[in-house]
Structure formats: C-alpha cells, structure tokens
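Notes for the structure review
Chain by chain, the residues run as shown.
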Amino acid sequence: MSGERGKGAAVFIASACVSLVVLGSCLLLFLLYMKAAQAEAVKNDVTVPLRYHPASSESLQILMLACEEPEDPPELILLWDYDAPEGVLTVIGIPSRTVCVWNGRRDTLAGHYDYEGVRGALNGVNTLFGIHGDRYLRVEEQGLAGLIDCLGGIEYTLETDETLGGRSLSAGTHLFDGHQAAELLLWSQPLPDTALQTRLAALAAERGLTESLSSRYDAFAQTFFASCETNLSQYDFLSRKKGACAWMEDGLQVRSCLLEGAYSGSEFTPSPESLRAISAILGE
C-alpha cells in the first residue's frame, strides 16, 4: 500500500514538473514574441515632427504706399492682409483717388496723404473699411524695384497684344524685372490703373513668397528694411518667421480683390457693395 502511495506521489511530482516546464516555455515564448514585436514597432516607427501652426497674433495688416519720388503723393495704394492661422495673403487694390471723409475733411486718399502724411492715408483707409490698421510701408520707385527683384520679378501673361504703362507688349508671357515692374505699377497717365496694379502685386507675391524665399527669409528682411520706410520692426519679422516660412513651404494662398466704384473726373467714389465685401474679408 505504501508502495502505491509512493508511486502516485512520484507521478504527481513528475506531472507537476512537466506542467511547470510547459507553462514556463509558453511564458518564455510569449515574452520573446512581445520583445520581437516591440523591436519591430520601434524599427518601423518614423517620427514625424508636428508642423508649426501660426497663432492669430501673427496675422498682420499693412498699408503699402508707393510713389515715384519721396515727396510725391502715392500712385499705388495696396492693403495687404495676412491671415496667419489660415495661411492666406490678400492684396487689396485701392485707387489713390478714392474719396473719403476723415476728421471732418473730405478728400481723396492721395489728398489726405498730402495734407497729413502717412497718418492721413491710414486714417482714410480705416474709415473706408471700418478697421483699425496702424502698420504701413512707404516706398519710392527705386525701393519698389529692389523689393520686386528680391521676389524674383513678375511673370505676366497676355492673351493678346496690349499696351501697358505706355509700353506696347506682344501676346505671351513676359518676365518683368524690378525696374520694369515698378514703372508699370506707378504708371499714372492719365490715372493709375488700380486693376493692373493689383494683378501685378498678387503675381509678385505668388512668384516670390515660396519655399525658395523661406530659405532666404533673413536676406529678404534686410532688403525690405533697406528699401522702404515702415513702422514694422525687426521683431515683427522675426516673430512671424517660423509661421510664414511654414506656409511658404506648404503653399501660401494668395488672393486679390479690387475696390470697385466709378470715377468722376479725377475722383473715385467706391461702391457700397464693394466696401462691404472688402470689410467682410478683412473681418474674417
């Protein structure tokens, strides 16, 4: 009897040992599998850096005033609106002869500029669109040419032969350098062609504000400050560099619109519909 009990105990111990060996083997295989899977996951894991997304504080509105000589009234008035979070740059063409009333004084924007300088033009544009812009850049013909050259010129396509800025041009694609483009932008005989000015400005932005410029951002900033008078600071450029370069690399969206209306002699009266439409764009 005791022999049978001893035999049963031996069988039990042997079975337990086999079970432990099998269980240990399964656990070992499971651990090896998990380790291999983890190593494969690490091997295949490609770290993608998060793209910098600009904040709304990096958005900017700036009024551009351009003239042939520093003492002349502006023949080119453009309002640039940069929506940093959306990556949209809007260029708004405003006839320099646009009539508005500022501080009880009725005059054209060029007249307000002549009477009160840059502040007069800024206040006139703010009154037109119901905004509170205070940034500006003022540039004469030579500085304007330098800025356009830094952007790579302006590529303009004509479907038919045309005369632009007193110059006869054949149908086809033309690449204007800074000097040629500045002449066209400031042509004012008999009145500035605001529609052409706006198209050329948008084309300059589309051609120049690209990935290529993002690698030359600091050089462009130097050209910008050397070419014009502005109340933008070096910090304004530096604080927007990361976001602006990200959009230029991904594809900055450039759009344009024109303040529409009618001339009466040398005065331009904007249409209420156009004023409302542009005010809505600036309020987006």
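Heads up: these notes are all about the structure in this document. (Residues numbered from 1 in each chain as written. Predicted model: local features only at pLDDT ≥ 70, side-chain atom pairs only at ≥ 80, totals over all residues. Heavy atoms only, no water.)

**What about the sheet that holds strand 2 (residues 76-83)?**
To be explicit about the condition: For two strands to count as paired, DSSP must find a minimum of two bridges between them. Only DSSP runs of H or I with at least four residues qualify as helices, and only runs of E with at least two residues qualify as strands; both kinds are numbered from the N terminus onward. Note on contacts: a residue pair qualifies if any of its non-hydrogen atoms lie within 4.5 Å across the two residues. To define axes, lines are fitted to C-alpha atoms, for helices over the stretch in contact only, and angles between the resulting N-to-C directions are given on a 0 to 180 degree scale.
If you trace the 6 strands from one edge of the open sheet to the other, you get 11-6-1-2-3-12, paired in mixed fashion. The strands lining the two open edges of the sheet, one partner per strand, are strand 11 (229-230) and strand 12 (253-258). Of the pairings in the sheet, the one linking strand 1 (residues 60-67) to strand 2 comprises 7 bridges and is antiparallel in character. Paired with Leu60 across the two strands is Tyr82, which belongs to strand 2. Against the sheet, helix 3 (residues 118-129) engages strand 1, strand 2 and strand 6 (136-140), with an angle of about 125° to strand 1.

**A short note on unusual backbone geometry**
Basically, it comes down to this: Each residue is placed in one exposure class: buried if its accessible area under a 1.4 Å probe, protein chains only, is under 20% of its type's maximum, exposed if it is over 50%, and partly exposed if it falls in between.
A cis geometry characterises the amide bond from Gln189 onward to Pro190, with omega recorded as 0°. With respect to the secondary-structure elements, Pro190 resides in the loop between helix 5 (178-185) and helix 6 (194-208). In this model, Asn103 sits at a positive phi of 55°, which is unusual for a non-glycine residue. Within the secondary structure layout, Asn103 lies in the loop between strand 4 (99-102) and strand 5 (105-108). Look at Asn103 and you get exposed, because its relative accessible area is 68%.

**Here we look at the packing of helix 8 (residues 217-227) against helix 9 (residues 234-250)**
Using the following cut-off: In what follows, roughly perpendicular refers to angles from 65 to 115 degrees, roughly parallel to angles under 35, roughly antiparallel to angles over 145, and oblique to any angle outside these ranges. Definitions for this section: a left-handed crossing has its near helix turned counterclockwise from the far helix by less than a right angle. A right-handed crossing has that turn clockwise. Any residue that is not Ala, Val, Leu, Ile, Met, Phe, Trp, Tyr, Cys, Pro, Asp, Glu, Lys or Arg is counted as polar, Gly included; the first ten are nonpolar and the last four charged.
Direction vectors running N to C along helix 8 and helix 9 enclose 135°, while the axes themselves pass 11 Å from each other. In terms of orientation, helix 8 and helix 9 fall into the oblique class. Taken as a pair, helix 8 and helix 9 cross one another with a handedness that is right-handed. Here Tyr217, Asp218, Phe220, Ala221, Phe224 and Phe225 of helix 8 come into contact with helix 9, specifically with Gln234, Phe237, Arg240, Lys241, Ala244, Cys245 and Met248. Across the contact of helix 8 with helix 9, the residue classes tally to 9 nonpolar, 1 polar and 3 charged.

**A closer look at the nonpolar core**
Proteins that are soluble and globular tend to have nonpolar side chains buried together. The cut-off we apply is this: Within this scheme, the nonpolar core is defined by two criteria: the residues are buried Ala, Val, Leu, Ile, Met, Phe, Trp, Tyr or Cys, and they are joined through side-chain atoms within 4.5 Å.
Ranked by size, the top nonpolar core spans 51 residues in total, and within it Met64, Leu76, Trp80, Tyr82, Leu144 and Leu209 carry the most contacts. Here this core gets 6 residues from one element, more than from any other, and that element is helix 6. Every residue in contact with Leu144, bar those within four places of it in the chain, is listed here: Met64, Ala66, Leu76, Val139, Ala182, Leu185 and Leu186. Of all hydrophobic cores here, the second largest spans 24 residues; its members include Ile92, Val125, Ile131 and Cys257.

**Here we look at the packing of aromatic side chains**
Two descriptors summarise a pair of aromatic rings, namely the distance from one centre to the other and the angle between the planes of the rings. The line we're drawing: Aromatic pairing here means that ring centres of Phe, Tyr or Trp (its six-membered ring) are within 6.5 Å. Orientation follows from the plane angle: under 30 degrees is stacked, over 60 is edge-to-face, and everything else is tilted.
Under the defined criterion, the tally for this structure stands at 7 aromatic pairs. Here the aromatic rings of Phe220 and Phe237 are separated by 6.5 Å at their centres, their planes lie at 40°, and the arrangement is tilted. Here Phe237 lies in helix 9 and Phe220 lies in helix 8, a separation of 17 residues in the sequence. Residue Phe220 shares its accessibility class with Phe237, and that shared class is buried.

**Describing the environment of Leu282**
Topologically, Leu282 is positioned in helix 10 (residues 272-282). Separated by 199 residues in sequence, Leu282 and Asp83 place their C-alpha atoms 9.3 Å apart. Not counting the four nearest positions on each side in its chain, Leu282 is found in contact with Gln61, Leu79, Asp81, Ile92, Phe129 and Ile131.

**Topic: the side chain of Asp81**
Basically, it comes down to this: Charge assignment in this entry is limited to Lys and Arg as positive and Asp and Glu as negative, and neither His nor the chain termini are counted. Whenever Lys or Arg places a side-chain nitrogen within 4 Å of a carboxyl oxygen from Asp or Glu, that contact is recorded as a salt bridge. Identification of polar contacts relies on pairs of N or O atoms within 3.5 Å, with a donor-acceptor requirement for protein atoms, meaning one able to donate a hydrogen and the other able to accept it, and with residues adjacent in sequence counted only if both atoms are side-chain atoms.
Note that Asp81 resides in strand 2. Of the side chains bearing the opposite charge, Arg255 lies closest to the buried Asp81, which forms no salt bridge; the N-O distance is 5.5 Å. Engagement of the side chain of Asp81 in a polar contact is seen with the side chain of Gln61, the distance being 3.0 Å. Here Asp81 is in contact with Leu60, Gln61, Val88, Leu89, Thr90 and Leu282, once residues within four sequence places are set aside.

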